[in-house]
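# Analysis of the macromolecular model
Here's the letter readout for the chains.
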Amino acid sequence: MPTTAHTLTDAAASDSTLRRFLHGLPGVDAVGLEARAASLGTRSIKTTAKAYAIDLAISMVDLTTLEGADTPGKVRALGAKAVHPDPTDRTAPATAAVCVYPDMVATAKQAVAGSTVKVASVATAFPAGRAPLSVKLADVREAVAAGADEIDMVIDRGAFLAGQYMKVYDEIVAVKEACGTSARLKVIFETGELSTYDNIRRASWLGMLAGADFIKTSTGKVAVNATPANTLLMLEAVRDFRAQTGIQVGVKPAGGIRTSKDAIKFLVLVNETVGEDWLDNHWFRFGASSLLNDLLMQRQKLATGRYSGPDYVTVD
């Protein structure tokens, strides 16, 4: 990247400097990006390495329920599953977090009490982000007050696509402030709505400049969510950002990752692009609901030699 630490310090000084910085980022070679992502996806992971990768992936899952029909009972069951994903095998690692709407944070917090599982909450008028800033901040503050360890916010894609970068930047800064010192902030770009890889790169740098602790691909509520290519692009962004600032930012692909094979492909992307420093659930997550069951079934197969099938894992 041709930028310097001094450039980064000044990048958000004004709307014009921010625009200049974001549009000065190198253009993305779409063919090269997709070819590299596809190539890394062909790596073969066997036996011991596969068992390690499956356990690592389980520990990186943000077990998620974000439905209008969510009930306290469903959230409690989800919390129990996050703490002990396989009730028949207590050696299975806990997931990283449970992710719920703000009104379910207190219930989720009680369900995972005494464990390592974090409670994440979507906020800022998720998933569309169409609300006044005052409403978005109230959403965040209520979730944090209820005990949320992490906030997953959505950017205003309309503002971003209209070139109102400073508005998006200011909202992220304000949400980060509302998180206080107790909650980490994940910034969701909804990559499927940003249309181009250049926009995804710009959004990644915009989010990091504004103070994101994580950058996240998607809400899981649109047709195109996490892909190897858009996740690779975001991994390259966090790598370059740390090289220039010394600040490490996490990455969370979300939506559409359903199988162990898919999850392992993403772990290979992480290892080959940013290295072992990100191979930890403090810095890499999967936003998923159905993924965990497939990971558990593959884990059981490695342990017993038999594929048990979906009837042998709990229903989310």
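Each remark here, short or long, concerns the structure printed above.
These notes cover the structure that comes with them. Only a predicted model underlies this, so the values are computations on that prediction, with no experimental measurement involved.

## Notes on helix H7 (residues 133-145)
At 3.6 residues per turn, the α-helix brings residues three or four places apart onto the same side. Relative to the 18 Å expected for 13 residues at 1.5 Å per residue, H7 spans 18 Å between its end C-alpha atoms, a close match to the ideal helical length. As for H7, its buried residues are in contact with helix H6 (105-111), strand E3 (118-123), strand E4 (150-154) and helix H9 (165-179).

## Some thoughts on the state of the cysteines
Taken as a whole and assessed by the stated rule, the structure comprises zero disulfides. No disulfide involves Cys-99; its sulfur sits 13 Å from that of Cys-179, the nearest cysteine. Judged by relative accessible area, which is 1%, Cys-99 ranks as buried. Taking the relative accessible area as the measure of exposure, Cys-179 reaches 1% and is therefore buried.

## Brief notes about the sheet that holds strand E1 (residues 61-64)
Taken in spatial order, the eight strands line up as E7-E6-E5-E4-E3-E2-E1-E8 in an open sheet, and their pairing is parallel. Lying at the two open borders of the sheet, with one neighbouring strand each, are strand E7 (250-252) and strand E8 (286-288). Averaged over all neighbouring strand pairs, the angle between strand axes comes to 25 degrees, with direction disregarded. The pairing of E3 with E4 spans four bridges and is parallel. Among the inter-strand pairings, Ala-120 is bridged to a residue of E4, identified as Glu-150.

## Side note on helix H5 (residues 72-83)
Compared with the 16 Å implied by 1.5 Å per residue over 12 residues, the 17 Å span of H5 between its first and last C-alpha is a close match. Listing the buried residues of H5 in full gives Val-75, Leu-78, Gly-79, Lys-81, Ala-82 and Val-83. Next to the buried residues of H5 lie E1, strand E2 (97-100), H6 and helix H14 (291-304).

## What to know about unusual backbone geometry
With omega at 0 degrees, the peptide bond leading from Phe-126 into Pro-127 counts as cis. Checked against the element boundaries, Pro-127 lands in the loop between E3 and H7. The residue Thr-124 is not glycine, and still its phi comes out positive at about 60 degrees. Notably, Ser-195 is not glycine yet its phi reads approximately 75 degrees, a positive angle. Relative to the assigned elements, Ser-195 resides in the loop between helix H10 (191-194) and helix H11 (197-209).

## Quick notes on the side chain of Asn-199
Relative to the assigned elements, Asn-199 resides in helix H11. According to the relative accessible area criterion, Asn-199 is buried, its value standing at 13%. Leave out the neighbours within four places in its chain, and Asn-199 touches Phe-160, Leu-161 and Leu-194.

## Let's talk about the packing of aromatic side chains
Applying the stated criterion to the full structure yields six aromatic pairs. A centroid spacing of 5.7 Å and a plane angle of 75 degrees characterise the contact between Trp-205 and Phe-241, whose relative ring orientation is edge-to-face. Of this pair, Trp-205 sits in helix H11 while Phe-241 sits in helix H12 (residues 228-245), and the two are 36 residues apart along the sequence. Of the two residues examined, Trp-205 and Phe-241, each falls in the buried class. Here the aromatic residues Phe-21, Trp-205 and Phe-241 are joined through ring pairs into a cluster of three or more. Residue placement shows Arg-184 over the ring face of Trp-283; its charged tip is 5.3 Å from the ring centre. Sitting above the plane of the Phe-214 ring, Lys-186 keeps its charged end 6.0 Å from the centroid.

How each quantity is defined
- Residues numbered from 1 in each chain as written.
- Predicted model: local features only at pLDDT ≥ 70, side-chain atom pairs only at ≥ 80, totals over all residues.
- Heavy atoms only, no water.
- Helix = DSSP H or I, 4+ residues; strand = E, 2+ residues; numbered from the N terminus.
- Expected span 1.5 Å × (residues − 1).
- Contact = heavy atoms within 4.5 Å.
- Disulfide = S-S within 2.5 Å.
- Buried < 20%, exposed > 50% of the residue type's maximum accessible area, 1.4 Å probe, protein only.
- Pairing = 2+ DSSP bridges.
- Axes fitted to C-alpha atoms, helices over the stretch in contact; angles between N-to-C directions.
- Phe/Tyr/Trp six-rings, centres within 6.5 Å; stacked < 30°, edge-to-face > 60°.
- Lys NZ or Arg CZ within 6 Å of the ring centre and 35° of its normal.

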